[in-house]
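Each chain, letter by letter, is given below.
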Amino acid sequence: NLLCRNLNLNDYDIIISENGVRLGKSLKKVFKGKIILHLHNDWLNIQTKFAKLYKQSYDEVWTISNFLKRRVEQIPGTTNVRVFYNSVDQSVFFPQFAENKHQVRTKYKIGHEDIVLAICSRIVEEKGVLETIEVFKRLQQTMPDKQLKLLVIGAVSEKNKYQKSCIDSANKDVIFTGY
């Protein structure tokens, strides 16, 4: 509401709300342009209280994964949900990437023939790090002829109960890099 009162919203054609599921309801009252929800988390689904009302306040919902898209589409009457994967053009933002790749492999004793998978996030339950580790171990079982490594990139502490369970679940091919 503070945002709506302090901006001249008529100066804009489109507003994109970054994960602000409830913001659309307030915006719809004062903004006549297109309102888009860019959803990064599982905060709008069939279990969300007032889900249909929140969804109706957006012209489109953009999610970062097919999983989130499917979750939003479970809300009755839902249309206009699209997936935009998070990504970075490494040639623009990381031109030295090939050089760094070699340094990372050396630092973590990863062979040049090893297949490396990675998860880079906060190591918290809602990011699914523990599930990623479990899926990685199952993948290893289905591909015994391949040498797979999983990099878990993010701050980790054995004092944190969830993070400790991730560490305990890992095998020798799961590498915790830290922050």
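For the structure itself, look to the data block above.
Residues numbered from 1 in each chain as written. Predicted model: local features only at pLDDT ≥ 70, side-chain atom pairs only at ≥ 80, totals over all residues. Heavy atoms only, no water.

### Side note on the pattern of salt bridges
Item 1. Counted by the stated rule, this structure contains 10 salt bridges.
Item 2. Taking the shortest distance from any N to any O, the salt bridge between Asp173 and Lys172 comes out at 3.3 Å.
Item 3. By relative accessible area, which is 5% here, Asp173 ends up buried.
Item 4. One salt-bridge network, in which partners are shared between bridges, spans Lys34, Glu60 and Arg82. (Salt bridge = Lys/Arg side-chain N within 4 Å of Asp/Glu carboxyl O. Buried < 20%, exposed > 50% of the residue type's maximum accessible area, 1.4 Å probe, protein only.)

### Describing the sheet that holds strand 1 (residues 14-18)
Item 1. The strand order across the open sheet formed by 4 strands is 1-2-3-4, and the pairing between neighbours is parallel. Whereas interior strands pair on both sides, the edge strands pair on one side only; in this sheet they are strand 1 and strand 4 (81-83). With strand direction ignored, the average angle separating the axes of adjacent strands in the sheet is 25°.
Item 2. Relative to strand 3 (residues 60-63), strand 2 (residues 34-39) runs parallel, the two sharing 4 bridges. By the bridge assignment for strand 3, His38 is matched with Trp62.
Item 3. Against the sheet, helix 4 (residues 66-73) contacts strand 2, strand 3 and strand 4, and its axis sits at roughly 175° relative to strand 4. (Pairing = 2+ DSSP bridges. Helix = DSSP H or I, 4+ residues; strand = E, 2+ residues; numbered from the N terminus. Axes fitted to C-alpha atoms, helices over the stretch in contact; angles between N-to-C directions. Contact = heavy atoms within 4.5 Å.)

### Thoughts on the pairing of strand 1
Item 1. Going residue by residue along strand 1, you find Ile15 and Ser17 tucked away on one face and Ile14, Ile16 and Glu18 left uncovered on the opposite face.
Item 2. Relative to strand 2, strand 1 is paired through 5 bridges, and the arrangement is parallel. The partner of Ile15 across the bridge, within strand 2, is Ile35.
Item 3. The β-α-β motif built from strand 1, the intervening helix 2 (residues 23-30) and the parallel element strand 2 has right-handed crossover chirality. (Right-handed = clockwise from strand over helix to strand, strands pointing away.)

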